[in-house]
Amino acid sequence: MSKKNKQSTNSLKIPKLIVVSATFLDAISTKLATRFAAKIFTTPLKHAMPNREKAMDTHSIQSKIRISSIKKEIVVYQYGVGIKKVLFVHGWSGRGTQMFKIADAFLSEGYQVISFDAPSHGKSPGNTTIMVEFIAAILAMDKEFGPFEAAVGHSLGGMALMNALNSGFQVKKLVTIGSGDKVADIATDFILKIGLKVKHVALLISFFEKKYSKSMDALSSFQNAQKIEIPVLVIHDINDKEVPISCGNNIVKHLKNGTLLTTTGLGHRKILGDSNVADSVVEFVI
């Protein structure tokens, strides 16, 4: 695996209708445009489960738990029967079965993998969600199924796990894969892609801070990384076009006990199905 760093730009495509709608609303009212942006920002896409994930889906014990703090339900997957448990947290518009390749590698070592469909993702009900609800779900999973030996998070899941570690969640080791480092950068990228002006970034962040009574900047991975004591493996592909390699570099820079592992040519999602990545994750944890 290459250690060479290379900046990459976000390739996430926004439907033209959303761009046209955002531009139209902005011409009428800044407030309407901001509320529209907030709605789109918090609405994940639900994709059909591909065949490669169906074995994990079929062989998992599935249940629903209610998270009282956010008044939402999530679907939980208990995969394997090992005594030692690892928690998996998928990213935005992902599913609890998405990291099946890594899950299978853990099962072969006698571990049990616990994962879930985050609020409004996969089989979990609902239409909208945000990172603070991912964090609430992690804390609920810890209470219901913990303790966990380690946790593995992809993209937003990794960011949520770093926040959860500073909110009472405890594991011995953490692995993040393709995670972002700054909430402001994520918001800026989103606002520009839907055709709005930079001024809407501050308005969008302010909207969420008032709604959730929480600083959005405080959710940034690089800030939470500074408080994390346990060993953390940060995996990032240098060709990731959705979350640039600079994000992984910045997270590791602020960790007290962090290691960066880079891959080449796997991008943001293919990396989850790579055997070498799966082996590296398991080797780090055990």
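Structure first, text after, so check above.
> Where do I start with the pattern of salt bridges in this structure?
Oppositely charged side chains can pair when the atoms bearing their charge come close. Scanning the model with the defined rule gives eight salt bridges in all. Close ionic contact of Asp26 with Lys197 constitutes a salt bridge, the shortest N to O distance being 3.5 Å. Separated by 171 residues along the polypeptide, Asp26 in helix α1 (residues 16-28) and Lys197 in the loop between α7 (183-193) and α8 (199-212) bring together distant segments of the chain. For Asp26, a relative accessible area of 14% puts it in the buried group. A residue is classified by how much of its surface remains accessible, and Lys197, at 51% relative accessible area, is exposed. Lys123 is the salt-bridge partner of Asp57, the closest N and O atoms lying 2.7 Å from each other.

> Help me out: how do you make sense of the packing of aromatic side chains in this one?
One pair of aromatic rings is described through two measures. These are the centre distance and the angle between the planes. Following the criterion strictly, the structure yields seven aromatic pairs and no others. Each ring, one from Phe88 and one from Phe106, has its centre 6.0 Å from the other, and the planes form 70 degrees; the classification is edge-to-face. In this pair, Phe88 is assigned in strand β3 (residues 85-89) and Phe106 in helix α4 (residues 100-107), connecting sequence segments 18 residues apart. Accessibility assignment for this pair places Phe88 and Phe106 in one class, buried. Put simply, the rings of Phe41, Phe190, Phe207, Phe208 and Tyr212 pair up and form one aromatic cluster.

> Help me out: how do you make sense of a nonpolar patch on the surface in this one?
Where nonpolar side chains cluster on the molecular surface, the patch consists of Phe24, Ile28 and Leu32 and spans about 320 Å² of accessible area. Take Phe24: it is sitting in helix α1. With relative accessibility at 53%, the residue Phe24 sits in the exposed group.

Thresholds applied
Residues numbered from 1 in each chain as written. Predicted model: local features only at pLDDT ≥ 70, side-chain atom pairs only at ≥ 80, totals over all residues. Heavy atoms only, no water. Salt bridge = Lys/Arg side-chain N within 4 Å of Asp/Glu carboxyl O. Helix = DSSP H or I, 4+ residues; strand = E, 2+ residues; numbered from the N terminus. Buried < 20%, exposed > 50% of the residue type's maximum accessible area, 1.4 Å probe, protein only. Phe/Tyr/Trp six-rings, centres within 6.5 Å; stacked < 30°, edge-to-face > 60°. Patch = residues over 30% accessible without salt bridge, like charges linked within 9 Å, V, L, I, M, F, W, Y side chains within 5 Å. Areas by Shrake-Rupley, 256 points an atom, 1.4 Å probe, with all protein chains shown as cover.

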